[in-house]
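Examining the three-dimensional arrangement
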Amino acid sequence: MIDSKLDSYILEKYFKSYNRDFQKLSESSIKHYCEAIKKISQILRSSNKVQDSLYEITDLNELDDIRQFLDKNQEYQELDERGHRMYSCGFKKYYEFATASGFEKIGINISDFDNITDEVDNSPVLITDTVSHYKRSTILKNQVMLSSHYLCEINKKHTTFTAKASNKQYMEGHHIIPIKYQKEFKANLDVYSNIICLCPICHRLLHYGIDSEKEPLLTTIYSSRKERLNHSGIVLTKDDFLDLTLRA
Ligand SMILES: [Zn+2]
Ligand SMILES: [Zn+2]
């Protein structure tokens, strides 16, 4: 069991910044949304849907399951009614953020979030507890892909096909520095600056290709992301970067 901590989730930090800096919501509305999510987390905890908080959910399908669960949960529905829909409004706002459907409307440049630094508690307990969540991160990946307009960040001309789920060009999200190296970093690796939108060929090449073919791609990624990674507290020389990503 993880102790409840203030702002201990990257999605929570991003969501707060999204509301404050991009949606330009008042402090009182932000507080209302936070209260709503706190209460929702409590309901989810008592039903064993989460260990600690709604913000620990990093997978979009899981978030959808939770949405359906809440729709059918009587305690929640009654609470929401008494609270003049404050809870469902809060969840809706969060869902809009998590699915990135609000990003396009207000034209968010995802790199504007890079100054939000996040340190990871590398104690073994936390890592084993959250490792399955860390791996997928589809919420963050989808947000990044949308912000990249579903274009391959190695070469915008790489084309694929139209994905059924999004009705956009099919792309994949990739952690530039693999999450399995989290232990070597204080800064959280599961952040926007460390996630890239790639076409499936470039993506598979990075995972399954030979070093000499991976290296040019990694060099491109390093030069385009070095600064953004730095902003998020992920500081690496080119040699260290190649070393780490080639052995991935
Ligand atoms: Zn990958
Ligand atoms: Zn590509």
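1. Some thoughts on the pattern of salt bridges
- Taken as a whole and assessed by the stated rule, the structure comprises 10 salt bridges.
- With a shortest N-O distance of 3.2 Å, Glu81 and Arg85 are connected by a salt bridge.
- A cluster of three or more residues bridged by salt bridges with shared partners is formed by Asp80, Glu81 and Arg85.

2. Focus: the domain arrangement of the chain
- By domain assignment, the chain separates into domain 1 (10-108) and domain 2 (129-246).
- The C-alpha-based centres of domain 1 and domain 2 are spaced at 27 Å.
- Every contact between the two is made by 16 residues of domain 1 and, on the other side, 16 residues of domain 2.
- Taking both partners together, domain 1 and domain 2 bury about 1,500 Å²; carbon and sulfur atoms supply 56% of that area.
- At the junction of domain 1 and domain 2, the tally comes to zero salt bridges.
- Taken together, the elements giving at least two residues each to the side of domain 1 that touches domain 2 come down to helix H1 (10-22), helix H3 (60-72), helix H5 (86-98) and helix H6 (101-106).
- Along the lines of polarity and charge, the residues of the side of domain 1 that touches domain 2 split into 10 nonpolar, two polar and four charged.

3. Considerations on the coordination of the zinc ion (ligand 2)
- All of the protein donors around the zinc ion (ligand 2) are Cys152 (SG), His158 (ND1), Cys199 (SG) and Cys202 (SG); their distances to the metal are 2.1 to 2.3 Å.
- Taken in chain order, the donor set of the zinc ion (ligand 2) reads C-x5-H-x40-C-x2-C. One end of the pair, Cys152, is in the loop between helix H8 (138-147) and strand E1 (172-175); the other, Cys199, is in the loop between strand E2 (195-198) and helix H9 (200-208), and 47 residues separate them in sequence. Here the two residues Cys152 and Cys199 agree in accessibility, since each one is buried.

4. Here's the deal with the side chain of Glu172
- Along the polypeptide, Glu172 turns up in strand E1.
- Within polar-contact distance, the side chain of Glu172 engages the side chain of Tyr170 at 2.7 Å.
- Within the local environment of Glu172, its side chain forms a polar contact with the side chain of His203, the two groups lying 2.6 Å apart.
- Setting aside its immediate chain neighbours within four residues, Glu172 contacts Met145, Ile196, Cys197, Leu198, Pro200, His203 and Arg204.

5. Considerations on the packing of aromatic side chains
- Considering all chains together, one arrives at 17 aromatic pairs under this definition.
- Note on Tyr18 and Phe97: the rings are 5.1 Å apart at their centroids and 55° apart in plane angle, and the pair reads as tilted. Residue Tyr18 is located in helix H1, and its partner Phe97 is located in helix H5; the two are separated by 79 residues in the primary sequence. The burial state of Tyr18 is the same as that of Phe97; both residues are buried.
- Taken together through their ring pairs, the aromatic side chains of Tyr14, Phe15, Tyr18, Phe22, Tyr55, Tyr94, Phe97, Phe103, Phe113 and Tyr192 make up a single cluster.
- The aromatic ring of Tyr95 is capped on one face by Arg67, whose charged end is 4.2 Å from the ring centroid.

Cut-offs used in this document
- Residues numbered from 1 in each chain as written.
- Chains lettered and ligands numbered in written order.
- Predicted model: local features only at pLDDT ≥ 70, side-chain atom pairs only at ≥ 80, totals over all residues.
- Heavy atoms only, no water.
- Salt bridge = Lys/Arg side-chain N within 4 Å of Asp/Glu carboxyl O.
- Domains from an automatic or database assignment.
- Contact = heavy atoms within 4.5 Å.
- Buried area = accessible area lost by both parts, 1.4 Å probe.
- Helix = DSSP H or I, 4+ residues; strand = E, 2+ residues; numbered from the N terminus.
- Nonpolar A, V, L, I, M, F, W, Y, C, P; charged D, E, K, R; others polar.
- Donors = N, O, S within 2.8 Å, 3.2 Å for Na, K, Ca; no water.
- Buried < 20%, exposed > 50% of the residue type's maximum accessible area, 1.4 Å probe, protein only.
- Polar contact = N/O pair within 3.5 Å; in protein donor to acceptor, adjacent residues only side chain to side chain.
- Phe/Tyr/Trp six-rings, centres within 6.5 Å; stacked < 30°, edge-to-face > 60°.
- Lys NZ or Arg CZ within 6 Å of the ring centre and 35° of its normal.

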